Amino acid sequence: MKTDFIVGTRQSKLAMRQTQIVVQLLKKKFPKASFSVKKIVTEGDRNLKDSLQKNRR
C-alpha cells in the first residue's frame, strides 16, 4: 500500500486551515502514512481583476 500522499489545496487561510484539519484526521486514521501539503494557485487566484465567467469559452 502507498504510504506517501500529497494533499493539494489553495493558498487562502481558510483552505489551508481546512486542509490542516483533514491531514490531522488522516494521520490519526493512518499513522504509518505520511502526508504533505502542496499549495495550488488557480486562475482565479492569479487574476483578481476579471470575472471568471468572462474568461469562459
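Reading guide: rules and limits
Residues numbered from 1 in each chain as written. Predicted model: local features only at pLDDT ≥ 70, side-chain atom pairs only at ≥ 80, totals over all residues. Heavy atoms only, no water. Helix = DSSP H or I, 4+ residues; strand = E, 2+ residues; numbered from the N terminus. Buried < 20%, exposed > 50% of the residue type's maximum accessible area, 1.4 Å probe, protein only. Polar contact = N/O pair within 3.5 Å; in protein donor to acceptor, adjacent residues only side chain to side chain. Contact = heavy atoms within 4.5 Å.

The next point concerns the side chain of T19. Structurally, the position occupied by T19 is in helix α1 (residues 13–29). Classification of T19 by relative accessible area gives buried; the value is 9%. A polar contact of 2.8 Å, which involves the side chain of T19, links it to the backbone oxygen of A15. What T19 contacts, discounting residues up to four positions off in sequence, is V7, T9 and V37.

We now examine the side chain of T9. Structurally, the position occupied by T9 is in strand β1 (residues 4–10). Of note is the side chain of T9, whose polar atom sits 3.4 Å from the backbone oxygen of A15. Within polar-contact distance, the side chain of T9 engages the side chain of T19 at 2.9 Å.

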